[in-house]
Amino acid sequence: MSAPSIIVIVEAEASTRATLCGILKYAGYRVIGLKKGADALKTILRSPFDAVITDIKLPDVGGIEILELAKEINPDAAVIIMTDCASVETAVDAVNQGAYAYFVKPVNPDEMKTAIVNALKQQRLSLENKRLVESLQRSNRLLFEANEELKKANGLKSEFMAAMSHELRTPLNVIIGFSQLMLDGVPREINEEQRQCLKDILSSGEHLLHLVNDVLDLSKIESGKMELKLRNTDLTDVIESLRRTMMPMLAQRQQSFDVKLGKRLPLVHVDEARVRQVLLNLLSNASKFTPDRGKLEVRAVREGDWCQVSVIDNGIGIEKVDQERIFEAFDRVDNPVTREAGGTGLGLTIAKQIIEMHGGRIWVENEYGKGSKFTFTLPLAPTVSHAQGEERVGSK
């Protein structure tokens, strides 16, 4: 149970002081009754208090002086002024100095008690609000400090990933290069068993290089070092080029690849290499998770000031519970097919970042067991002539 509120009553007239002290004590408050203003000033300086009731005119010290000191010592304290010579100017002055209420004598005891109840209730609410604000400010400060530490740690992680990726790429490129030379029979002819071993080395090296490049791309994006080279680009040419790239891989599994483009598809203002990277990732995923003799399709249409591109397959699809997290870094849907397919879980993360760097967005529509449809938007090329040159935009 909380301690009773402390009320200081300063009143020269004994009967009025006794009446107010008696009523407020009966109401459960701890009351200090004083006759002189000087005693009130000493009490306010030395003892805790929650409210002050004082006559504005005392024999020695004025009520306004008591009001000023009380508000200085305890800004949340409720100070009520009493007077037997009311004037508008006096009341306004008291309120301007911070008085909670202003009573003209004779004071109605019940009205005074009600005023005290309301004043202390308001005081408690004010104190609680202050505590909540201070707590929120502390939490915000701690959160800000934690975020700064997280940014610093994330920056160090990105720098480490970038450094390690660069260090790994050089020997990998050597391994891949020499494997290709040996497969071409440049040093000398090789037998079938040696050829198969070299193919395994080359395939593993290329796979590892792809993973390293993904890690390097992500670290560039996170550190703000990826730069887009924006040019007006014919998306039709990009898609047709990808069709030729994908066909040998699709043919091995007898998968079809259809392209449906809107009439008079306008140019887009993009980094062609990065958009090609996004499409290649989506098409590779579509092929991986679509059974033999399955169907892949790319659609592109104009939607207002944007070009909307979709990659569609009739593969295994994605369960609804997994759709929210597939664009998160290193997050892969856990099922036998994805485990067999391998990968870092960075492809869709990088694709999302690249599309958002272009100002677009990417999303997935899906029916589990029947296939997936990944769609993203790209900005159309400006129609003005000065937009024909290259524009560079960096990640943030």
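Refer to the preceding data block for the structure.
Below: a short report on this structure. (Residues numbered from 1 in each chain as written. Predicted model: local features only at pLDDT ≥ 70, side-chain atom pairs only at ≥ 80, totals over all residues. Heavy atoms only, no water.)

**Focus: a negative patch on the surface**
Part 1: Taken together, Glu65, Glu68, Glu72 and Asp93 make up a surface patch of like negative charges.
Part 2: Mapped onto the elements, glutamate 65 comes out in helix α3 (residues 63–73). (Patch = residues over 30% accessible without salt bridge, like charges linked within 9 Å, V, L, I, M, F, W, Y side chains within 5 Å. Areas by Shrake-Rupley, 256 points an atom, 1.4 Å probe, with all protein chains shown as cover. Salt bridge = Lys/Arg side-chain N within 4 Å of Asp/Glu carboxyl O. Lys, Arg positive; Asp, Glu negative; His and termini not counted. Charge placed at Lys NZ, Arg CZ, Asp CG, Glu CD. Helix = DSSP H or I, 4+ residues; strand = E, 2+ residues; numbered from the N terminus.)

**Some words on the sheet that holds strand β12 (residues 371–379)**
Part 1: Spatially, β7-β9-β10-β12-β11 is the arrangement adopted by the five strands of the open sheet, whose pairing is mixed. Lying at the two open borders of the sheet, with one neighbouring strand each, are β7 (256–261) and β11 (362–367). Recorded for the sheet is a direction-independent mean angle of 15° between the axes of neighbouring strands.
Part 2: Two elements, strand β9 (residues 295–303) and strand β10 (residues 306–313), share eight bridges in a ladder whose sense is antiparallel. Pairing of valine 298 across the sheet is with valine 311, part of β10. (Pairing = 2+ DSSP bridges. Axes fitted to C-alpha atoms, helices over the stretch in contact; angles between N-to-C directions.)

**Quick word on the environment of arginine 124**
Part 1: Mapped onto the elements, arginine 124 comes out in helix α5 (residues 109–183).
Part 2: Each C-alpha atom of the pair arginine 124 and aspartate 76 lies 8.9 Å from the other, and the pair is 48 residues apart in sequence.

**So, the sheet that holds strand β4 (residues 78–83)**
Part 1: If you trace the five strands from one edge of the open sheet to the other, you get β2-β1-β3-β4-β5, paired in parallel fashion. Looking at strand neighbours, the two that pair on one side only are β2 (30–34) and β5 (101–104), the edges of this open sheet. Adjacent strand axes in the sheet meet at a mean angle of 15°, parallel and antiparallel pairs treated alike.
Part 2: By the bridge criterion, five bridges tie strand β3 (residues 51–55) to β4 in an arrangement that is parallel. Residue pairing in the sheet places threonine 54 in a bridge with isoleucine 81 of β4.
Part 3: Of the strands in this sheet, β1 (6–10), β2 and β3 are in contact with helix α2 (residues 37–46), which crosses β2 at around 140°. (Contact = heavy atoms within 4.5 Å.)

**Focus: the nonpolar core**
Part 1: Residues Leu235, Leu279, Val309, Phe376 and Leu378 are the most contacted members of the largest nonpolar core, which totals 45 residues.
Part 2: Discounting residues that sit within four places of it in the chain, valine 309 has contacts with Leu235, Leu279, Val298, Arg299, Ala300, Phe374, Thr375, Phe376 and Leu378.
Part 3: One finds Ala40, Leu58, Ile66 and Ala77 within the second-largest nonpolar core, a separate group that totals 23 residues. (Core = buried A, V, L, I, M, F, W, Y, C linked by side-chain atoms within 4.5 Å. Buried < 20%, exposed > 50% of the residue type's maximum accessible area, 1.4 Å probe, protein only.)

**Quick word on the pairing of β12**
Part 1: Across the nine residues that make up β12, a large majority, eight, are buried.
Part 2: Note: β10 against β12, seven bridges, orientation antiparallel. Its bridge partner lying in β12, serine 310 is registered against threonine 375.
Part 3: Of the pairings in the sheet, the one linking β11 to β12 comprises six bridges and is antiparallel in character.

Any link to function would need more than the numbers given here.
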